[in-house]
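Structure assessment
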Amino acid sequence: MNFRFRRRRFSQLVIISAVTGVFGGITKRTIAQTRRDSPPTTQGVETSKIRLRVNGKDYPLQIESRVTLLDTLRDRIGLTGTKKGCGRGQCGACTVLVNGQRINSCLSLAVMYDDAEITTIEGLARGNELHPVQAAFIKHDGFQCGYCTPGQICSAVGAIAEAKAGASSAVAADVRKQGQVELTDAEVQERMSGNICRCGAYPGIVAAVKEASQANS
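This report concerns the structure included in the present document.

Cut-offs applied
- Residues numbered from 1 in each chain as written.
- Predicted model: local features only at pLDDT ≥ 70, side-chain atom pairs only at ≥ 80, totals over all residues.
- Heavy atoms only, no water.
- Helix = DSSP H or I, 4+ residues; strand = E, 2+ residues; numbered from the N terminus.
- Buried < 20%, exposed > 50% of the residue type's maximum accessible area, 1.4 Å probe, protein only.
- Contact = heavy atoms within 4.5 Å.
- Areas by Shrake-Rupley, 256 points an atom, 1.4 Å probe, with all protein chains shown as cover.
- Salt bridge = Lys/Arg side-chain N within 4 Å of Asp/Glu carboxyl O.
- Pairing = 2+ DSSP bridges.
- Axes fitted to C-alpha atoms, helices over the stretch in contact; angles between N-to-C directions.
- Parallel < 35°, antiparallel > 145°, perpendicular 65-115°, else oblique.
- Left-handed = near helix turned anticlockwise from the far one by under 90°.
- Nonpolar A, V, L, I, M, F, W, Y, C, P; charged D, E, K, R; others polar.
- Polar contact = N/O pair within 3.5 Å; in protein donor to acceptor, adjacent residues only side chain to side chain.

1. Overview of the overall build of the protein chain
Across its full length, the protein chain carries 6 helices and 5 strands. For the protein chain, the α and β elements follow one another from N to C terminus as α-β-β-α-β-β-β-α-α-α-α. In the protein chain, buried positions account for 34% of the 217 residues. Long-range contacts, defined as pairs at least 24 residues apart, comprise 54% of the intrachain contacts of the protein chain with a sequence gap of at least 6. Total accessible area on the protein chain stands at roughly 13200 Å², and carbon and sulfur atoms take up 53% of it.

2. Things to note about the environment of V98
By the element assignment, V98 lies in strand β3 (residues 95-98). V98 sits 19 residues away from E117 along the chain, and the two C-alpha atoms are 5.6 Å apart. When sequence neighbours within four positions are dropped, the list of residues in contact with V98 reads L69, I103, Y113, A116, E117 and I118.

3. Considerations on the pattern of salt bridges
Applying the stated rule across the entire model yields 11 salt bridges. Here D71 ties to K84 by a salt bridge, and the two come within 2.8 Å at their closest N and O atoms. Here K84 lies in the loop between α2 (69-77) and β3 and D71 lies in helix α2, a separation of 13 residues in the sequence. Residue E162 pairs with R102 through a salt bridge whose shortest N-O separation is 3.0 Å. Taken together, the residues span a long stretch of sequence, with E162 in helix α4 (residues 149-164) and R102 in strand β4 (residues 101-104) at a distance of 60 residues. According to the relative accessible area criterion, E162 is partly exposed, its value standing at 25%.

4. Examining the sheet that holds strand β2 (residues 57-64)
Overall, mixed pairing links the 5 strands, which are arranged β2-β1-β5-β3-β4 in an open sheet. This sheet does not close on itself; its edge strands, each paired only once, are β2 and β4. Averaged over all pairs of adjacent strands, the angle between their axes in this sheet comes to 40°, without regard to strand direction. With 8 bridges joining them, strand β1 (residues 47-54) and β2 adopt antiparallel strand pairing.

5. A look at the packing of helix α3 (residues 132-139) against α4
Closest axis-to-axis distance for the α3/α4 pair is 10 Å, and the angle between their directions is 125°. In terms of their interaxial angle, α3 and α4 are classed as oblique. At the point where α3 passes α4, the crossing takes the right-handed sense. Here V133, Q134 and F137 of α3 come into contact with α4, specifically with T149, Q152, I153, A156, V157 and I160. In terms of residue class, the contact of α3 with α4 is built from 6 nonpolar, 3 polar and no charged.

6. Here's the deal with the side chain of T95
Locating T95 in the fold gives a position in strand β3. According to the relative accessible area criterion, T95 is buried, its value standing at 6%. At a separation of 2.7 Å, a polar atom in the side chain of T95 contacts the main-chain carbonyl oxygen of G92. A polar atom in the side chain of T95 sits 3.5 Å from the side chain of N195. Not counting the four nearest positions on each side in its chain, T95 is found in contact with R102, I103, N104, P150, G151, C154, S155 and N195.

Structure representation (structure tokens):
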């Protein structure tokens, strides 16, 4: 090997090592100083004492005001049936029922629902008897991987209740019409459009919601 080449390569390695060492040391010192100067985020954060009533059971909690209902249900109460999906209210995997109405729990703060009646997927069945929507999902194969299914089912329960109460939708032919709304394919697709199934089990979901709506009519 040429001596000049070896010497030039050796010089390059020395320079690289020196620069890396200097900046590496600066980076480590900076990170350490930042950690010392910045207290943990949990210090000084105001908490609130609330009582969540979930699936008929009371849960007294001392909780930070910034914590979502989704994280509270999963991490504090241990009801992991409600799933984390997008975290932006776009997929519907986190759907639960609050006072009978469906909401995206990832966009909702737990402190907003003090004393509210919250129902998750774990609270729909009555002992060994499945909720009609759950039974219909099984019958019509309305799921594949099952990750979105808890949100789909809770959303379907809410949608059926809304139709029964006469709530109109974007596909209603006449929004002035009073009384219970018939859940046609188009109505189900519109009302369930906030719940995404990545496996594409939509035909089964629509069939399940329609059948469950007839059982509840």
